[in-house]
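If you want the building blocks of each chain, they are given just below.
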Amino acid sequence: MIMENEGKIAFVLSGGGKLASTELGMLTALVEARVRPDIVIGSSAGALIGSVFAGSPDRDGLIAVRGLWEDFLLDADLRWDVRDALARLVSRGRRRRTQRALRSALARYLMRESFEELPVHFECVGLDMVAGREVWFDSGPLVPALLVAAAAPAIMEPVKIGDTYYCDGGVVNPFPIDRAVRLGARTIYFLQITDMERSLGFPRSLWEVGLTGMVLRWRHQKMVAGLPPDVTVHMLPVGRADPSSGPQVLRRIMGIDLRDPYQESERRIREAYLSTKAYLATSAKLRYSGPAAVWQEADRD
């Protein structure tokens, strides 16, 4: 696989709770196409996936990411269904239990203990709850920083590091393409949870009315419009016929959704994998010469 433009390659993984399952399919297609990142940037759930992948940006990393994601969806204390989502909303003890379970899952699947040990430069974003500012973690132990990235309001408790309390930085920067640019990336693969470039259209029901989707798209368009002219951003496709509306995205991130999380995740992974594979094969910026499908091989292990 040969790139036309020079410079560092970055994978930017957005936040999105269980909707981040699309990123597993996208990563698989990227590994098949032999696209190796110099930088991995993660926000919220994307930080969890990105940190494991940055420890081994290959087939082994995909298998580890899959294991973490299955725990994320199915573990008794991490389970992602309506009952557990509502319990976390009202119970601080339940949110703390979820945080402990995530710490254990990270210990099982992370291939390195610190940022410095990762073979690929990795960063994730948090929010300083006192100063109200975006904070980037790029050194020291991985687990505390990842617990910060996962500490979404009403899902997990804030994390204290030193004298400061932090929570999920996806609140302020859900798709940190700008951070990748500041780190020198000139080719960026954006792993998104819903198609940011597709119009939402006129709402078909009262449930679809809301500002969430419009705000996310406005922020994304503003960020992309401000990028330097020598930066190429590949918006990897999610493979769905229709983008999720703002309220749909929000309730699925929170876990307030009647759909089976595992089955929905499998469908999203497959759709994103197939559509991203097709995109990489036909993109004018790439010459595709990937090996046999990694995803099927990972499933058989």
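In this text the structure is predicted, and so the values were computed from the model without any measurement.

Helix and strand counts for the protein stand at 11 helices and eight strands. Scored against the burial criterion, the 301 residues of the protein give a buried share of 54%. Counted over contacts in the protein with a minimum sequence separation of 6, partners at least 24 positions apart contribute 77%. Counting only carbon and sulfur atoms, one obtains 54% of the accessible surface of the protein, whose full area is about 13000 Å².

By the element assignment, Val233 lies in strand β8 (residues 232-236). Taking the C-alpha atoms as reference points, Val233 and Ile177, separated by 56 residues in sequence, lie 8.6 Å from one another. Excluding residues within four positions of it along the chain, Val233 makes contact with Ile177, Ile188, Phe190 and Leu227.

Keep in mind that low pLDDT regions are not for reading the predicted coordinates in detail. Counting all residues, the mean pLDDT for the protein is 80, and 72% of those residues have values of 70 or more. Model confidence for the protein, summarised as mean pLDDT per element, is weakest for helix α11 (residues 294-300) at 36 and strongest for strand β2 (residues 39-42) at 98. Low pLDDT (under 50) marks residues 284-301, which in the prediction has 48 contacts with non-local residues, meaning those over four places away or in another chain.

Attention now moves to the pattern of salt bridges. Applying the stated criterion across every chain yields a total of 11 salt bridges. The shortest N-O distance in the salt bridge between Arg108 and Asp71 comes to 2.6 Å. Residue Arg108 is found in helix α5 (residues 92-109), and its partner Asp71 is found in helix α3 (residues 59-74); the two are separated by 37 residues along the sequence. Arg108 gets classed as partly exposed once you look at its relative accessible area, which sits at 48%. Two residues, Arg267 and Glu271, come together in a salt bridge whose shortest N-O distance is 3.4 Å.

What follows covers unusual backbone geometry. Despite not being glycine, Arg34 has its phi angle at roughly 60°, a positive value. Within the secondary structure, Arg34 sits in the loop between α1 (22-32) and β2. Phi is positive for Ser44, close to 55°, though the residue is something other than glycine. Structurally, Ser44 can be placed in the loop between β2 and α2 (45-54). Take Ser44: its relative accessible area is 12%, and that puts it in the buried class.

Scanning the model with the defined rule gives six aromatic pairs in all. Centroid distance Phe11 to Tyr189: 5.8 Å. Interplanar angle 85°. Geometry classified as edge-to-face. Of this pair, Phe11 sits in strand β1 (residues 8-13) while Tyr189 is found in strand β7 (residues 185-191), placing the two residues 178 residues apart along the sequence. Between the aromatic rings of Phe115 and Phe122, the centroid separation amounts to 5.8 Å while the plane-to-plane angle is 15°, which identifies the pairing as stacked. Summarising the burial analysis for this pair, Phe115 and Phe122 share the class buried. Connected via pairs of aromatic rings, a cluster forms that spans Phe11, Phe53 and Tyr189.

Once that is clear, we can look at the nonpolar core. If you look at the biggest cluster of nonpolar residues, it comprises 66 residues, and the most contacted ones within it are Phe11 and Phe122. Of all the elements, helix α6 (residues 142-150) adds the most residues to this core, at eight residues. Excluding residues within four positions of it along the chain, Phe11 makes contact with Leu27, Leu30, Val35, Pro37, Ile39, Val40, Ile41, Phe53, Tyr189 and Leu191. Core analysis: the second largest hydrophobic core is formed by 17 residues, Ile39, Phe175, Val181 and Met223 among them.

A few words on the environment of Glu113. Along the polypeptide, Glu113 turns up in the loop between α5 and β3 (121-128). On the basis of relative accessibility, which here comes to 66%, the residue Glu113 falls in the exposed class. The spacing of Glu113 and Pro141 is 28 residues in sequence and 5.9 Å in space, taken between C-alpha atoms.

Our next topic: the packing of α1 against α3. One can describe the packing of α1 onto α3 by two numbers: an axis separation of 10 Å at closest approach and a directional angle of 170°. By the criterion of interaxial angle, the relationship of α1 to α3 is roughly antiparallel. Each of Leu24, Leu27, Thr28 and Val31 in α1 lies in contact with α3, whose residues at this interface are Arg59, Leu62, Val65, Arg66 and Trp69. Of the residues contributing to the contact of α1 with α3, the split by class is six nonpolar, one polar and two charged.

Time to look at the packing of α1 against α2. With their axes 11 Å apart at the nearest point, α1 and α2 run at an angle of 30° to one another. Here α2 runs roughly parallel to α1, going by the angle between their axes. Handedness of the crossing formed by α1 with α2: right-handed. Residue-level contacts link Glu23, Leu24, Leu27 and Val31 of α1 to Gly46, Ile49 and Phe53 of α2. Its residues placed into classes, the contact of α1 with α2 shows five nonpolar, one polar and one charged.

How each quantity is defined
- Think of each chain on its own: its residues are numbered from 1, step by step along the sequence as written.
- A pLDDT threshold of at least 70 governs which residues receive local features in this predicted model, and a stricter bar of 80 or more applies before side-chain atom pairs are shown or counted, although totals over entire chains, interfaces and linings include all residues.
- Each side-chain value is derived from all of the structure's non-hydrogen atoms; neither hydrogens nor water enter the calculation.
- Strands here mean DSSP runs of E at least two residues long; helices mean DSSP runs of H or I at least four residues long; both are numbered from the N terminus.
- Whether a residue is buried, partly exposed or exposed follows from its accessible area with a 1.4 Å probe, protein chains only, as a fraction of its type maximum: under 20%, in between, or over 50%, in that order.
- Residue contacts are counted whenever heavy atoms from the two residues lie within 4.5 Å of one another.
- Here the Shrake-Rupley method, with its probe set to 1.4 Å, supplies the accessible areas, and only the displayed protein chains count as covering residues.
- The score called pLDDT rates the predictor's confidence residue by residue, from a low of 0 to a high of 100.
- Salt bridges are identified by distance alone: a Lys or Arg side-chain nitrogen within 4 Å of an Asp or Glu carboxyl oxygen.
- When two rings of Phe, Tyr or Trp (its six-membered ring) have centres within 6.5 Å they constitute a pair, described as stacked for plane angles under 30 degrees, edge-to-face for angles over 60, and tilted for the intermediate range.
- In these notes, a set of buried Ala, Val, Leu, Ile, Met, Phe, Trp, Tyr and Cys residues joined through side-chain atoms within 4.5 Å is what counts as a nonpolar core.
- Angular values range over 0 to 180 degrees, each being the angle between N-to-C directions of two axes fitted as lines to C-alpha atoms, with helices fitted over their stretch in contact.
- Reported orientations rely on four angle classes, namely roughly parallel under 35 degrees, roughly antiparallel over 145, roughly perpendicular from 65 to 115, and oblique for the rest.
- Note on residue categories: nonpolar means Ala, Val, Leu, Ile, Met, Phe, Trp, Tyr, Cys or Pro, charged means Asp, Glu, Lys or Arg, and polar means any other residue, Gly included.
- Each crossing is labelled by how the near helix is turned from the far one, with a counterclockwise turn of less than a right angle marking it left-handed and a clockwise turn marking it right-handed.

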